Amino acid sequence: MRVPLFDTATPLAPLRGQLSAAVERVIDSAKYILGPEVSAFEEEFAAYCGAEHAVGVANGTDAITIALRAMGVGAGDEVVVPSFTFYATVEAIPPTGARPVFCDIDPDTYCITPEAVRRALTPRTKAVIAVHLFGNLAPVAEIAALGVPVLEDAAQAAGSLGQDGRPGALGKAATFSFFPSKNLGCFGDGGMITTSEQQVAERARILRFHGSRDKVSYEEIGYNSRLDELQAAILRVQLPHLDGMADGRRRAAGHYEHAGLGALVRLPAPTPGCAPAWHLYVVAHEQPDRVQAALTAAEIGCRPYYRTPVHLQAPMLQWSAGAELPGTELAARTHLAIPMSPVLAREQAERVTEVLAAALS
Ligand SMILES: Cc1ncc(COP(=O)(O)O)c(C=O)c1O
């Protein structure tokens, strides 16, 4: 039985008619940039998250740069950020003029902790980026209680639930990616900023359109970074199904647990009160290459995502001198993503477990 690492096609198959109709609707409207589909999706997505405002942008990387600037981050500031994340989380900081300050994660949850953030704070800290990695929710309220504004990087966490609500409404602002493989994915690139602060939303709207409100006068150097009408229409079809798909991801994690996978590898631990819509299901083992070889031989998809953490990537070395990140190093060395999707079946989870039981015993 082959088990793919992820499956984006099967969950979308029943929606094909609606997706085609949405594309035709946009073609008929002849409006392609910042029209009614984007406005409607912004309203629907903000309501889904429990935030007051949503601002559609071109991708999840721009979303972070623009959100940071809209939160007032600029030259000379510091932004605390985990190193164990996708490169883009950190790459988005220097274009604001600020510098990244790396902080450690808990290798059981893969998320930053208030203690690790506290150690990284200085008088120059202007914001913390709390990455909800793999769909697990970082403890935003506890971090905000340190007195520093939090930007959630929720690129991997659409559909997750926490004790304080959904990602997108937990920090001062939040960012999402709608890259096709994400929990809520479009058919190209797309991103969103959510916030309940009017000023942050307003500045993000200006920044996404060249720093202008009216296309005539320009207040600051901005970006051409907009979600387009086609992607918004496609996302509107999928949003009502996001919770169902997230339940499928939670069910899949349950299949692994019931199959006994936890006796063979370390399973990801949800943070307190979190019901993660696992974007990636990432296990850990002291010999990840052995696990990977066994799964690959059995035609089971798997791969490490962040074997070299961001602070050790060449362009980041200028900011990482002296960083001590033992949790990050452990996670980077031992992690491996195994199959996860809203439609991962019990038999597939049992097959993964059976292959690993044979290989690791
Ligand atoms: C944690 C995280 N942050 C940011 C991004 C950047 O999103 P995008 O690829 O849409 O620019 C991604 C996704 O690729 C991500 O996984």
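The paragraphs below set out a description of the structure included in this document. Source: prediction; values computed, not measured. All residue numbers refer to positions counted from 1 along the written sequence of the respective chain. Only residues with pLDDT of at least 70 are given local features in this predicted model, and only at 80 or more are side-chain atom pairs given and counted; all residues enter the totals for whole chains, interfaces and linings. Hydrogens and water molecules were not included; the side-chain quantities draw on all heavy atoms of the structure.

**Quick notes on the overall build of the protein**
Part 1 of the argument: Only DSSP runs of H or I with at least four residues qualify as helices, and only runs of E with at least two residues qualify as strands; both kinds are numbered from the N terminus onward. What the protein contains, in helices and strands, is 14 helices and 11 strands.
Part 2 of the argument: Considering only C-alpha atoms, the protein reaches an extent of 70 × 55 × 35 Å along its principal axes.
Part 3 of the argument: Whether two residues are in contact is decided by their heavy atoms: any pair within 4.5 Å suffices. Residue pairs in contact within the protein that sit at least 24 positions apart in sequence constitute 69% of those at least 6 positions apart.
Part 4 of the argument: Using a 1.4 Å probe, the Shrake-Rupley method yields the accessible areas, and only the shown protein chains count as cover for residues. Of the roughly 14700 Å² of accessible surface on the protein, a fraction of 52% belongs to carbon and sulfur atoms.
Part 5 of the argument: His is not counted here, nor are the chain ends, while Lys and Arg score as positive and Asp and Glu score as negative. Here the site of a charge means atom NZ of a Lys, CZ of an Arg, CG of an Asp or CD of a Glu. Side-chain charges of the protein comprise 30 positive and 39 negative groups, with the mean position of each set lying 2 Å from the other.

**Structural notes on the site of the ligand**
Part 1 of the argument: Surveying the vicinity of the ligand reveals 13 residues, the closest of which are Gly60, Thr61, Asp153, Ser177 and Lys182.
Part 2 of the argument: Polar contacts, as used here, are pairs of N or O atoms within 3.5 Å; protein pairs need one atom able to donate a hydrogen and one able to accept it. Residues neighboring in sequence count only if both atoms are side-chain atoms. A distance of 2.9 Å separates an oxygen atom of the ligand from a polar atom in the side chain of Gln156.
Part 3 of the argument: The separation between an oxygen atom of the ligand and a polar side-chain atom of Ser177 is 2.7 Å.
Part 4 of the argument: Relative to its unbound accessible area of 380 Å², the ligand is 92% covered by the protein chains.
Part 5 of the argument: The set of elements that each furnish at least two residues to the shell around the ligand consists of α4 (60-70) and α5 (87-91).
Part 6 of the argument: Class assignment for the residues of the shell around the ligand results in 4 nonpolar, 7 polar and 2 charged. We define proximity as follows: a residue is near a molecule or strand when any one of its heavy atoms falls within 4 Å of that partner. Put simply, Ala, Val, Leu, Ile, Met, Phe, Trp, Tyr, Cys and Pro go in the nonpolar bin, Asp, Glu, Lys and Arg in the charged bin, and everything else, Gly too, in the polar bin.

**Brief notes about the sheet that holds strand β8 (residues 173-177)**
In a beta sheet, neighbouring strands pair by backbone hydrogen bonds and run either parallel or antiparallel.
Part 1 of the argument: Paired strands, as defined in this entry, are two strands with at least two bridges between them according to DSSP. Taken in spatial order, the 7 strands of this open sheet run β1-β9-β8-β7-β6-β2-β3, and their pairing is mixed. Whereas interior strands pair on both sides, the edge strands pair on one side only; in this sheet they are β1 (53-57) and β3 (99-103). On average, each strand axis in the sheet is tilted by 25° relative to the strand beside it, whichever way the strands run.
Part 2 of the argument: Taken together, the 5 bridges between β8 and strand β9 (residues 191-195) define a ladder with antiparallel strand orientation. When the sheet's bridge partners are listed, Thr175 is paired in β9 with Ile193.
Part 3 of the argument: Along the sheet face, helix α8 (residues 198-208) touches β1, β8 and β9 and points at about 15° away from the line of β1. In this analysis an axis means a line fitted to C-alpha atoms, helices contributing only their contacting stretch, and an angle means the value between N-to-C directions, from 0 to 180 degrees.

**Remarks on the packing of α4 against α8**
Part 1 of the argument: The geometry of α4 relative to α8 is characterised by a closest axis approach of 8 Å and an angle of 130° between their N-to-C directions. Relative to α8, α4 is oriented oblique. Crossing of α4 over α8 shows right-handed handedness. For the pair α4 and α8, contact is made by Ile66, Arg69 and Ala70 and by Val200, Arg203, Ala204, Leu207 and Arg208, respectively.
Part 2 of the argument: The class makeup of the residues in the contact of α4 with α8 is 5 nonpolar, no polar and 3 charged. When describing relative orientation, an angle under 35 degrees is termed roughly parallel and one over 145 degrees roughly antiparallel, while 65 to 115 degrees is termed roughly perpendicular and anything else oblique. In this scheme, a crossing is called left-handed if the near helix is turned counterclockwise away from the far one by less than a right angle; it is called right-handed if the turn is clockwise.

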